[in-house]
Structures are given as C-alpha cells and as structure tokens.
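The chain contents come next:
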Amino acid sequence: MTATLTTVAGILKEVYEGDVRDQITGSEVTIKRITKSSEGIFDTPGGKYVVFPVRKSRNHGISYRAENAAIGAARRQGYAQAQETLKYGYGRVKVTGQMMELAQTNAQAFMSAFDGEISGIKDDVARDANRIAVGNRSAFAAHGFTGVITEVTSTTSGATINVTSTQNIEVDMILDIVDDTGAAVSGGTGVVVTSITSDTAFVVSGSVAGTTSGNNVVRSGNWNNEPYGLTHLISASGTIHGINSATAGNEYWRSTVDSTTTTLTEAPMISMCDTIRRKSGQHITAIFMSLGVRRSYFNLMTSLRRYNEVKEWTGGLVGLAFNYEKEVPVVTDIDLQAGQALFVNENEITVYRNKPWYWADADGNMLKWVADYDAYEALLKQYWQIVNHRRNAHGIMTGVTEAS
C-alpha cells in the first residue's frame, strides 16, 4: 500500500515518541543527576505551578522544670509556602513539501531524511536544558531573572560583541541583547551569530549599538522565561520560589557562598561542607566543578600524593573523590562558568515537569501543515522548572583560580 501523510505520521509517532533522556550525551551531567517529578503540579488559568511547604523553624515548646512548676508554653513548627511557576520549553522542526513527497513514494527514504532533524532536535533541547540547569552566574539571584547565557563586557558599536565567555554561544543562534529590565539595546533584537572569534567575543548579523558592561545575552525571547539554574538557586540573596531571603526570619533561605577563596585547598572545601552541615544538618552528595577548577583540584591531590584515579559512582557519575567523612564525587560539567564549584545536596533539588519532552500531537498527528507554506512542522515541548527545596543545604565557590 502506498504510504500517505497519515500513515507516515503514525510511523513517526511510533519511532520518535521516546523521551529525550535516551538521547542525552555524556556532556549533560547536571540535568541527568537531578530527580524528576510530575507530582504536586497544579493548573490555573494563569499557567502551571508547583507548591510545596518549607519547614523554617522548630517547635521550641521545650522546657525543663523543678517538681510542681509550670512547664513552658506550647509552640509549633514554623512553615512557609513555596510556589513556583513552570516554564514552557519548545523545539521546532520543519521539513519542506518536497521532502514530504517522499512519503508518497518511498517511506523509508523519507524516514532516513527526517531522522537527522528529529534526532538532532532531541539532542539539542537536552543540551540546552543542561545549560539552563547549571545556570550562568551567582549574581542571577540579585537580578531576579533567568535566561542569561553570558554578559557583555564593553560598549559595542558594531557587529562584534565582547562578553565574559562564549562557552555557550554557537553559530546560527538567534539572540537578544537586553538590559536588566529586559529591554533590548539598539539593534540587539533577533541578531544571528555568524562567527565565534575568541573565548570572549562573537560576531552577529547586524550592527548593535548602545550596549554597556553588564548587559545580558539571551536566546531571542527567552529573557526571564527559562527555568532556574543551580547557580541561581544556590545563592545567599534574592527571592526564590516566593520566599525572600532578606526578610527577617528567613535566614534559613540562604545558601553558603564563598567568593573569597582563590587558591583551592582542602581547608576551604572542608569549611564549606562544615557550614552546610551546620546550617542544614545534612551532607552534600556531589561537588560540580568547572574544568579549570577540577584541574586545580587534581593538582592539589597530586601535590598531596593522594590517590586521584577517576572513579565511577552510582548512577553513572564519573569523577574524582573528596573525602568528607565519606567519599563525595567531584565531577565536571562543561556548562559551569570559570572559577565555579557547586557543593550540592542532590536530594533537595527537583525538576518538576508535566512529563518528559514529548511531541505535540493533540490531533493524533506529529506533523502539522505550516499555513501558507509548502512545509510541515513538528513541535517538541516540555513544561518544567527546577526547584530547590532546602536552600541552606548547598554552597558555591565563585572565584577559584583555574589551573592551566
């Protein structure tokens, strides 16, 4: 029987319906480690959100008295309600009508041609999700917004943009350059990256003027629309999940931040773990380092003549070890910015999502005709947010000198 768009759409759904986790490559470390959950998600006319209680104080109705003396007054546990909206992520694939003609005559040839686009977008959204999960800079919390890939470092009067890092900038990305209110600078809307000229500069398709140091580079339209990253959630300031860490009584809603350690040694690392343990009563489960900080840690272990062979941990995590009463995995994530080390209790971090990345097919078809064009489109999507249930159970070093 000759294949039609309807039959091919059925085949596509069957072949490509699997969630994106199966496509994640080895470079996506952080997003793989975070627990995923669809529980506790609520729908309202304003969108989807997750609500969870946070215990902020103990019941101090505790007393010791002499015989026949009045005991202390009853007290109760202290709770705060945390709430966070889900963010809506999408990946789009479009194929021409000419390619679709293959579905009428040679379904296998069509599937072969289509496979690269479908598999590619699944890998691309997974790669970008890890960039989001890591975050960019600890100053996010002070600004109160998400979506920033890198920051502008100097005034721009042309097509070359100078930034703190081009680590997550790639050719053909469509970007906006905005200030801290989300307003685009002159010429800074929808510019396309045409080349990466260095680790701190890239060229765009049009002339951009009026940028100043500290302006933000985001995917076009993504300013404040992406989920939180760990370097936003792990901070000592800012309002997260509706709880303001600066409000009196909310001191529990602060992570441990070390911005003064430059030379990495065991002492500040142990101090970080001790402080987290004292504040939260818990131990960290992993330390995520930028590549250069990991090199500094490796050199430290070598200088101390420590056993520094890479180990494989539960869940496929591979890295060095840090001894803090027990061995803690020390691993790298290429999306971490220079000088960063995250001390994380992974049990307190959760990705809330309606379900894993999936193809929009409410009408039963994965492919949709694009109005006014001889083309068809598929839409991959996920509604998700990263939540920190216990902010004082984590810490971050932000200024460690990286080894060459």
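Before reading further, recall that the structure is shown in the block above.
Quick summary incoming for the structure in this document. (Residues numbered from 1 in each chain as written. Predicted model: local features only at pLDDT ≥ 70, side-chain atom pairs only at ≥ 80, totals over all residues. Heavy atoms only, no water.)

Some thoughts on the overall build of the protein chain
- Broken down by element type, the protein chain carries eight helices and 24 strands.
- Per-residue burial over the protein chain gives 47% buried out of 404 residues.
- In the protein chain, once contacts between residues fewer than 6 apart in sequence are set aside, the share between residues at least 24 apart is 73%.
- Put simply, the protein chain shows about 19,500 Å² of open surface, and 48% of that area lies on carbon and sulfur atoms. (Helix = DSSP H or I, 4+ residues; strand = E, 2+ residues; numbered from the N terminus. Buried < 20%, exposed > 50% of the residue type's maximum accessible area, 1.4 Å probe, protein only. Contact = heavy atoms within 4.5 Å. Areas by Shrake-Rupley, 256 points an atom, 1.4 Å probe, with all protein chains shown as cover.)

Comments concerning the pattern of salt bridges
- Scanning the model with the defined rule gives seven salt bridges in all.
- Residues Asp335 and Arg127 are paired through a salt bridge, measuring 2.7 Å at the closest nitrogen-oxygen approach. Taken together, the residues span a long stretch of sequence, with Asp335 in the loop between strand S18 (326-332) and strand S19 (341-344) and Arg127 in helix H4 (residues 107-134) at a distance of 208 residues.
- For Asp335, a relative accessible area of 1% corresponds to the buried category.
- Taking the relative accessible area as the measure of exposure, Arg127 reaches 22% and is therefore partly exposed. (Salt bridge = Lys/Arg side-chain N within 4 Å of Asp/Glu carboxyl O.)

Let's talk about the environment of Gln83
- Along the chain, Gln83 turns up in strand S4 (residues 78-85).
- Residues Gln83 and Gly242, spaced 159 residues apart in sequence, show a C-alpha to C-alpha distance of 5.9 Å.
- When neighbours within four sequence positions are excluded, Gln83 is seen to be in contact with Tyr49, Val50, Val51, His241 and Gly242.

What to know about the pairing of strand S9 (residues 191-198)
- Sheet topology places strand S8 (residues 174-178) next to S9; two bridges connect them, and they run antiparallel. Across the sheet, the residue bridging to Leu175 is Val191, located in S9.
- Where S9 lies against strand S10 (residues 201-204), four bridges are found, and the strand directions are antiparallel. What sits directly across from Ser195, in S10, is Val203.
- Count of turn residues in the S9/S10 antiparallel hairpin: two residues. (Pairing = 2+ DSSP bridges.)

Brief notes about the sheet that holds strand S6 (residues 148-151)
- Strand order across the open sheet formed by six strands is S6-S11-S8-S9-S10-S7, with antiparallel pairing between neighbours. Because the sheet does not close on itself, it has two edges, and the strands there are S6 and strand S7 (160-162). Here the average twist between neighbouring strands, direction ignored, is 45 degrees. (Axes fitted to C-alpha atoms, helices over the stretch in contact; angles between N-to-C directions.)

Notes on the layout of surface pockets
- Of the volumes computed, that of the largest pocket is approximately 1,200 Å³.
- If you go around the largest pocket, you meet 34 residues; those closest to its centre are Tyr90, Val125, Asp128, Arg219 and Asn222.
- Secondary structure elements with two or more residues in the lining of the largest pocket: strand S5 (87-96), H4 and strand S23 (375-388).
- In terms of residue count, the dominant contributor to the lining of the largest pocket is H4 (eight residues).
- Here the lining of the largest pocket is composed, by residue class, of 14 nonpolar, eight polar and twelve charged. (1 Å grid on protein atoms, 1.4 Å probe; cavity = no way out; pocket = protein on both sides within 12 Å on 5 of 7 lines; lining within 4 Å. Points joined across faces, edges and corners; volume = space filled by probe spheres on them. Nonpolar A, V, L, I, M, F, W, Y, C, P; charged D, E, K, R; others polar.)

With respect to the nonpolar core
- Formed by 51 residues in total, the largest nonpolar core has its most connected members in Phe288, Trp384 and Ile386.
- Considering every element that reaches this core, the biggest residue donor is H4, with eight residues.
- Core analysis: the second largest hydrophobic core is formed by 21 residues, Val293, Leu300, Val330 and Met397 among them. (Core = buried A, V, L, I, M, F, W, Y, C linked by side-chain atoms within 4.5 Å.)

A closer look at the sheet that holds S18
- Taken in spatial order, the seven strands of this open sheet run S14-S24-S19-S15-S18-S17-S16, and their pairing is mixed. Looking at the sheet topology across the chains shown, the edges are occupied by strand S14 (256-258) and strand S16 (311-312).
- On the sheet, helix H7 (residues 266-280) packs against S14, strand S15 (286-289), strand S17 (318-324), S19 and strand S24 (395-397) and is oriented at approximately 75 degrees with respect to S17.
- Against the sheet, helix H8 (residues 291-303) contacts S15, S17, S18 and S19, and its axis sits at roughly 55 degrees relative to S17.

Concerning empty space enclosed by the protein
- Per the stated rule, a full pass over the model turns up two cavities of 30 Å³ or more.
- If you trace the second largest cavity, you find it lined by Thr30, Arg33, Ile34, Leu230, Phe288, Val344, Glu346 and Ile349.

Here's the deal with the pairing of S8
- With four of five residues buried, S8 lies mostly within the body of the structure.
- One ladder, built from four bridges, connects S8 with strand S11 (residues 216-219); its direction is antiparallel. Across the sheet, residue Val178 finds its bridge partner in S11, namely Asn216.

Describing the packing of aromatic side chains
- By the definition in use, this model includes four aromatic pairs.
- Of note, Lys355 hangs over the ring of Tyr358, and the distance from its end group to the ring centre comes to 3.9 Å. (Phe/Tyr/Trp six-rings, centres within 6.5 Å; stacked < 30°, edge-to-face > 60°. Lys NZ or Arg CZ within 6 Å of the ring centre and 35° of its normal.)

Some details on unusual backbone geometry
- With a phi close to 80 degrees, Asp172 is a non-glycine residue in the positive phi region.
- Structurally, the position occupied by Asp172 is in the loop between S7 and S8.
- Phi angles above zero are rare outside glycine, and Asn224 is one such case at about 65 degrees.
- Structurally, Asn224 is set in the loop between S11 and helix H6 (230-233).

Structural notes on the side chain of Asn392
- Considering the arrangement of structural elements, one finds Asn392 in the loop between S23 and S24.
- For Asn392, the side chain forms a polar contact with the main-chain oxygen of Lys279, separated by 3.4 Å. (Polar contact = N/O pair within 3.5 Å; in protein donor to acceptor, adjacent residues only side chain to side chain.)

Looking at the environment of Asn59
- With respect to the element layout, Asn59 can be found in the loop between strand S3 (47-57) and S4.
- Considered as a pair, Asn59 and Gly78 are 19 residues apart in the sequence and their alpha carbons are 7.4 Å apart.
- Every residue in contact with Asn59, bar those within four places of it in the chain, is listed here: Arg75, Arg76 and Gln77.
- In terms of polar contacts, Asn59 uses its side chain to reach the backbone amide nitrogen of Gly61, at 2.8 Å.
- Within polar-contact distance, the side chain of Asn59 engages the backbone oxygen of Arg75 at 3.1 Å.

Spatial relationships are all this shows, so hold off on functional conclusions.
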